[in-house]
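Residue strings, one per chain:
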Amino acid sequence: MAALVAVGFGDFGQIGTAPDPTPGGPFGFRFVLRIAQLVPFFPLLMLALACLTGLHLPSGVARFLSFLSVALGLTITAASAAASGPGSLIVLVEGIALTLAVAATFRLLARPDGDARTRRAALMRMVPATAVAVWSLGAAALIAASATRISDGRPYCLARHGDTEAVESLATLRGLSFYTTRSGYKSNSNWYMHGILIVETGAAPEVYNWSPRRLRFDRLSEPGRLTIDPRGNCKPRADFLAALPLL
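This section reports on the structure supplied with the text. These figures come from a predicted structure and were not determined experimentally.

So, how was this worked out
Along each chain, residues carry numbers from 1 onward, in the same order as the chain's sequence is written. For a predicted model such as this one, the threshold for reporting local features is a pLDDT of at least 70, and the threshold for listing and counting side-chain atom pairs is 80 or more; totals across whole chains, interfaces and linings nevertheless cover every residue. Values shown for side chains rest on all heavy atoms present in the structure; no hydrogens or waters enter the calculation. We call a residue buried when its accessible area falls under 20% of the maximum for its residue type, exposed when it is over 50%, and partly exposed in between, using a 1.4 Å probe and counting protein chains only. The numbering of helices and of strands both runs from the N terminus, where a helix is a DSSP run of H or I of at least 4 residues and a strand a run of E of at least 2. In this analysis, two residues are considered to be in contact whenever any of their non-hydrogen atoms come within 4.5 Å of each other. Pairs of cysteine sulfur atoms within 2.5 Å are what we label disulfides. Any carboxyl oxygen of Asp or Glu that lies within 4 Å of a side-chain nitrogen of Lys or Arg is treated as forming a salt bridge with it.

Inspection of helix H1 (residues 2-9) places Ala2, Val5, Ala6, Gly8 and Phe9 among the buried residues, and these make up the whole buried set. Here the buried face of H1 lies against helix H3 (42-53), helix H5 (88-108) and helix H7 (127-151).

Structure (structure tokens):
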């Protein structure tokens, strides 16, 4: 389960990189954000370390760290969801599931002489994050299959609405990556879609919006009416997915 959480949630592009000190927000805030991006790998790394080294925590310490992780995780999740615009529901589900997984990890690190029921309960707390990870990976497969079917051999590309370049890897197509947190209002043209599929037709390109709820692409009849025209997000090319690296 911990491996699925890492693969379904993790931002592999952030591994081994340091927080960017360039302008764009307080350095301390960006450092915290970078730590948060590495959290999906925490359950796998800690449980693997426990298996290799026999690392265990006293039961009291494990309970305290579990409680602390829930308090911090839910607070950060609520704040992030409030600032995430149309992606707030995904951020909320992602944050709650990941918080439960981290809390469960601390309980699983408790000394094995503890109550077996407590360990089973900790494993059950990993289930929501595992289910979300499976959804995220399944969405990537659906996005790839749908884009191939809709393009039907024509040049195409995939991007997040508002980006200036196409997605750079297949991992970016996961459900927990291929959505927007940019703010906007769905009552007029000043709002952001989630993921965008652009298909070259020889005349005006066809533009589709990815719906994370419906798990499908919906065609936009008048993409030019949006304040941020999605037709400039990426340049269609032949065999777009075949050229993408995994990570």
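On we go from here.
As a further point, take the state of the cysteines. Considering all chains together, one arrives at one disulfide under this definition. Disulfide pairing places Cys157 opposite Cys234 at an S-S distance of 2.0 Å. Taking the sign of the S-S torsion, about 80 degrees here, the bridge from Cys157 to Cys234 comes out right-handed. With Cys157 in strand E1 (residues 156-160) and Cys234 in the segment after strand E4 (216-219), the pair connects residues that are 77 residues apart, well separated along the chain. Neither Cys157 nor Cys234 differs from the other in exposure class; each is buried.

With that out of the way, let us pick up the pattern of salt bridges. Inspection of every chain in the model, using the stated rule, returns four salt bridges. Notably, a salt bridge pairs Arg214 with Asp218, separated by 3.8 Å at the nearest N-O pair. We classify Asp218 as partly exposed; its relative accessible area is 23%. Between Arg216 and Asp218 there is a salt bridge; the shortest N-O distance is 2.8 Å. Since its relative accessible area comes to 40%, Arg216 is described here as partly exposed.

Function-wise, these values are silent; they only describe arrangement.
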